[in-house]
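What the coordinates show
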Amino acid sequence: MSEQETLALAEEFARYRRTALAEVEAPGPAAVRRTVRGRSRRRLGVTATTALALFGGSAIGYAAMTGPDHRPGPVDPTPSVSASPTPTPSSTPSPSGTSASPTTPAPDGRISRAQLLGASVTLPAWRAGPGCPTSQTRLSGDDREGVNWLLALDHGDVDGDGAVETVALVQCVLGSGGPMQVVAFDRDEGGKVVTLGRVVATTIDKPQWLFALDVVDDGTVRVQVGDIAPGGGWPAEWSQRQWRGYRWKGDAFAQVSGPTAFGQNPHSADVSVTTTELVLTTADDGSRTGTATVRIRNRGTGPVAHVALRLGVPASVRPDVDGWAPCVGEPQHTSEPVTCNLGRLAAGAEVQLDLSFRVAEGIVLGTGKADVDVRPMDSGFDFLLDVNDADNQVSMTYR
């Protein structure tokens, strides 16, 4: 290269340094801050896009819970959200940004026997009369006197909220019996056991007993009710039993299936007795005699195989001959009280007995009252339950 060419090349490099390199800024603090702000803006854009995508997916998942059974359904894939750097005025907001609030699922009300025995619960009030505690009380696993005895329980969605509840059969133990009720329990949002409501309870009339319960798939609570409470010589197998169904109506349970009344129990009857006074007069032989009229009626809808009549007259007042022929045996020879076993009495039938009595000569007898009562019996001479025993006994005045 000639000297002239060398000088020309040097001049070109000098012009480059004066023009191009003058535009280059050294990386000082200001340049660093500008770079960081740019990167932060890019990260914020990416984070906002991700958050919108996640919220959109959650909204779709919660929306599935608002269906008929309130159970969480499958969650659709999260929709992709793209943010335009320069949105046009006609663009619409992303649907995920206006999603409805999520629905809280109903608390799980499945309570085990051990958990229910360990919880403090409030029971619906027992019927009037002697009862057991109802407010913030513990259920008992045994039948000690005066406790609320947990007899049975089952589970099912009885209020239609998509979660399971617990239904329990409870008895207030009083002597050999006591009132009973079926109660539905649930949990609140804090997990505490709460009372939903009473399904059914025993009454003074009928039903007098609850034997079993069962919650079916549609939320109906089926309860096996009995007409007469066992005990006092009445075996449980003699009680008529019916399955009745109950459903939750928003604020209480109501019967929706099964019978609503009982017919007359084949092991029960309804007999009554009335009597006149026994007025004694002096006979020719010096004794005193008199007659009392006793009427026995079968008020029930079925026949009674046998009727037992008992007269609590004093030992000095003996049955005479007349009027005692319908009785099985010879009542005039029985000891106090005088008894008379009658035969079959058809439904609605009445028998009248004109019963003669005699007091021996020389025996002084004042004025008094004697109990007269009747009891229905079956073909095996076992006493039946009288459904209206108030009219099974009357007082007979003798003088």
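Here's a quick rundown of the structure. What you see is a predicted model; the values in this text were computed from it and never measured. (Residues numbered from 1 in each chain as written. Predicted model: local features only at pLDDT ≥ 70, side-chain atom pairs only at ≥ 80, totals over all residues. Heavy atoms only, no water.)

Section: the sheet that holds strand β19 (residues 393–398)
Where strands meet in a sheet, backbone hydrogen bonds hold them as pairs that are either parallel or antiparallel. Pairing is antiparallel across the open sheet formed by four strands, whose spatial order is β15-β13-β17-β19. Two strands in the sheet have a free side with no partner beyond their single neighbour: β15 (338–342) and β19. Across the sheet, the axes of successive neighbouring strands diverge by a mean angle of 20 degrees, strand direction being ignored. One ladder, built from six bridges, connects strand β17 (residues 368–377) with β19; its direction is antiparallel. Bridging across to β19, Asp373 finds its partner in Gln393. (Pairing = 2+ DSSP bridges. Helix = DSSP H or I, 4+ residues; strand = E, 2+ residues; numbered from the N terminus. Axes fitted to C-alpha atoms, helices over the stretch in contact; angles between N-to-C directions.)

Things to note about the sheet that holds strand β5 (residues 209–215)
Taken together, the four strands give an open sheet; going across it, the order is β5-β6-β7-β8, and neighbouring strands pair in antiparallel fashion. Two strands in the sheet have a free side with no partner beyond their single neighbour: β5 and β8 (253–257). For this sheet, the mean angle separating the axes of adjacent strands, direction not counted, is 35 degrees. Two strands pair when backbone bridges link them, and strand β7 (residues 241–248) and β8 are joined in this way by four bridges, in the antiparallel orientation. Following the sheet pairing, Trp248 is matched in β8 by Phe253.

Describing the packing of aromatic side chains
Within this structure, the stated rule accounts for three aromatic pairs. Aromatic side chains Trp234 and Trp238 sit 5.2 Å apart centroid to centroid with 80 degrees between the ring planes, which places their arrangement in the edge-to-face category. Trp234 gets classed as buried once you look at its relative accessible area, which sits at 6%. Relative accessible area serves as the criterion here: at 17%, Trp238 is assigned to the buried category. An angle of 85 degrees between the planes, with centres 5.5 Å apart, marks the rings of Trp324 and Phe357 as edge-to-face. Here the residue Trp324 occupies a position in the loop between β14 (317–319) and β15, and Phe357 occupies one in strand β16 (residues 350–359), the gap between them amounting to 33 residues. The buried category is assigned to Phe357, whose relative accessible area is 0%. The ring of Trp243 has Arg222 lying over it, and the distance from NZ or CZ to the ring centre is 4.4 Å. (Phe/Tyr/Trp six-rings, centres within 6.5 Å; stacked < 30°, edge-to-face > 60°. Buried < 20%, exposed > 50% of the residue type's maximum accessible area, 1.4 Å probe, protein only. Lys NZ or Arg CZ within 6 Å of the ring centre and 35° of its normal.)

Everything listed here is a matter of geometry and, on its own, says nothing about what the molecule does.
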